[in-house]
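Here are the chains, one letter per residue:
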Amino acid sequence: MLELKTSHLNMVLGRGYFDRLDHLDGYFVVSGFFWRPFFEEHMLFLEWNSPDGNGCFPMFGEHYLKFSKQLYCRWCSSKLTNIASSLKLCSKCLCSPKGIKFRCSIEGSGTPFNTICYGEPICEDSISKFCYDNHVIYLASFGSIIKVGVSREKRNGLENGFIYRLLEQGVDAAVVLSGNLPLWKAQELELKISEEYNIPLNLNIEEKLEELINGVKTPLNKLVKIATEIKNSLNSKVDIVWANHFNWGTGPQDFNSILRGDEIFGNLIYARGNIAFFDLCGEIYALNIKSLLGRGIVCWEV
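In short, a report on the structure. Small disclaimer: the values here were computed from a predicted structure and weren't measured.

## Things to note about the pattern of salt bridges
Working step 1: Evaluation of the coordinates by the stated rule reveals eleven salt bridges.
Working step 2: Salt-bridge contacts for Glu 188 lead to Lys 185; the nearest nitrogen and oxygen are separated by 3.2 Å. Separated by three residues within a single helix, Glu 188 and Lys 185 lie in helix H7 (residues 183-197), roughly one turn from each other.
Working step 3: In this structure Lys 185 comes out as partly exposed when scored by relative accessible area, which is 25%.
Working step 4: Salt bridges sharing partners connect three or more residues here, namely Lys 69, Asp 262 and Arg 295.

Put into structure tokens, the structure is as follows:
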């Protein structure tokens, strides 16, 4: 983990701005997280929204974060009175063009319209352009478990932008299949692969933590073999365009519990995908970063 002096950290984050948080209930709302290069290393960043704008900060070193019990829309920061979706979005944002695209990507094409897209999108052109973007199918391993998923090929202006999706999940290795697939076709093949090869679509936090502690990894060549079988079964509708593994270093061999309350505290000693580990006086706590979405930050210390 990259070490930076506290003075440097304060300069990066603008410490004076964060000092105002302890009396502003939910003023900053956690909107997401991502991994990006930072001083020649990939680092976990936490994104936030507020009525004054948005931003992000890197997660490393000592932390104390306190969250409000009130949940907020992760995009517009409005209070959530009824949680209409597990996506932590208000009804207005869910029904916006951005929300429709997001729901189709996460929950399945056509979900916002209570249908399934076959052949072509049923929504307006300004939204359907997203569906026509080239999407890829990936086989990824987390420990001994293999999962299948879909991602846009280009993300963040990069040709191989799907790598950032893999980083967000913290996978050990992955093989990517591409075939100029629109979103709905990629999701159709994703489900077909999941059912025919008995490969899960999702992994929960408990499964990931168990795999981290077990320390067993799936060899990349096993993923390539399965991907080749899938390619052949689809009569070469897709090709293997990328295969590689990630080096996450060595994580904790055990932990005391999962942080589920309103506070995060301790020294961040290891992070991978959506999982972070904090050391507090020798006790190790695991955190699912996704659990912070929609939470209001009311106090911050570094």
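## Points about the packing of aromatic side chains
Working step 1: Considering all chains together, one arrives at eleven aromatic pairs under this definition.
Working step 2: Where Phe 28 meets Trp 48, the ring centres are 4.5 Å apart and the plane angle is 70 degrees; that geometry is what we call edge-to-face. Here Phe 28 is found in strand E1 (residues 28-38), whereas its partner Trp 48 is found in strand E2 (residues 41-50), with 20 residues between them in sequence.
Working step 3: What makes Trp 48 buried here is its relative accessible area of 9%.
Working step 4: An angle of 85 degrees between the planes, with centres 5.4 Å apart, marks the rings of Tyr 132 and Trp 184 as edge-to-face. Linking Tyr 132 in helix H5 (residues 125-132) with Trp 184 in helix H7, this pair joins segments that are 52 residues apart in sequence.
Working step 5: For Tyr 132, a relative accessible area of 49% puts it in the partly exposed group.
Working step 6: Here the aromatic cluster, defined as three or more aromatic residues joined through ring pairs, consists of Trp 35, Phe 162, Trp 242, Phe 246 and Trp 248.
Working step 7: Over the face of the ring belonging to Tyr 164 we find Arg 36, whose NZ or CZ atom lies 4.3 Å from the ring centre.
Working step 8: Just above the ring of Phe 142 sits the side chain of Arg 272; from NZ or CZ to the centre is 4.3 Å.

## Notes on helix H6 (residues 162-169)
Working step 1: Most of H6 is tucked away, with six of its eight residues classed as buried.
Working step 2: Those residues of H6 lying buried are Phe 162, Tyr 164, Leu 166, Leu 167, Glu 168 and Gln 169.

## Observations concerning the state of the cysteines
Working step 1: Following the criterion strictly, the structure yields zero disulfides and no others.
Working step 2: Counting only cysteine sulfurs, Cys 73 is the nearest neighbor of Cys 76, a cysteine outside any disulfide, at a range of 3.7 Å.
Working step 3: Residue Cys 76 is classed as partly exposed on the basis of its relative accessible area, which comes to 40%.

## Digging into the sheet that holds strand E5 (residues 135-142)
Working step 1: Taken in spatial order, the four strands make up an open sheet running E6-E5-E7-E8, and their pairing is antiparallel. Two strands lie at the open edges of the sheet, namely strand E6 (145-152) and strand E8 (239-245), each paired on one side alone. Across the sheet, the mean angle separating the axes of adjacent strands is 20 degrees when strand polarity is ignored.
Working step 2: Packing of helix H9 (residues 220-233) onto the sheet brings it into contact with E5, E6, strand E7 (173-181) and E8, and relative to E7 it is tilted by some 25 degrees.

## With respect to the nonpolar core
Working step 1: One finds Leu 46, Leu 166, Leu 209, Ile 264, Phe 277 and Phe 278 to be the most contacted residues of the largest nonpolar core, which totals 48 residues.
Working step 2: The residues contacting Leu 166, other than those within four sequence positions of it, are Tyr 138, Ala 140, Val 171, Ala 174, Trp 242 and Phe 246.

## Examining the pairing of strand E10 (residues 263-272)
For a regular strand, the rule is simple: side chains alternate between the two faces of the sheet.
Working step 1: Across six bridges, the pairing between strand E4 (residues 61-71) and E10 is antiparallel. Bridge pairing links Tyr 64 to Phe 265 in E10.
Working step 2: By the bridge criterion, five bridges tie E10 to strand E11 (residues 275-280) in an arrangement that is antiparallel. Its bridge partner lying in E11, Asn 267 is registered against Asp 279.
Working step 3: Counted along the chain from E10 to the antiparallel partner E11, the turn is two residues long, and its residue Gly 273 has a positive phi close to 60 degrees.

Rules used throughout
Residues numbered from 1 in each chain as written. Predicted model: local features only at pLDDT ≥ 70, side-chain atom pairs only at ≥ 80, totals over all residues. Heavy atoms only, no water. Salt bridge = Lys/Arg side-chain N within 4 Å of Asp/Glu carboxyl O. Helix = DSSP H or I, 4+ residues; strand = E, 2+ residues; numbered from the N terminus. Buried < 20%, exposed > 50% of the residue type's maximum accessible area, 1.4 Å probe, protein only. Phe/Tyr/Trp six-rings, centres within 6.5 Å; stacked < 30°, edge-to-face > 60°. Lys NZ or Arg CZ within 6 Å of the ring centre and 35° of its normal. Disulfide = S-S within 2.5 Å. Pairing = 2+ DSSP bridges. Axes fitted to C-alpha atoms, helices over the stretch in contact; angles between N-to-C directions. Contact = heavy atoms within 4.5 Å. Core = buried A, V, L, I, M, F, W, Y, C linked by side-chain atoms within 4.5 Å.

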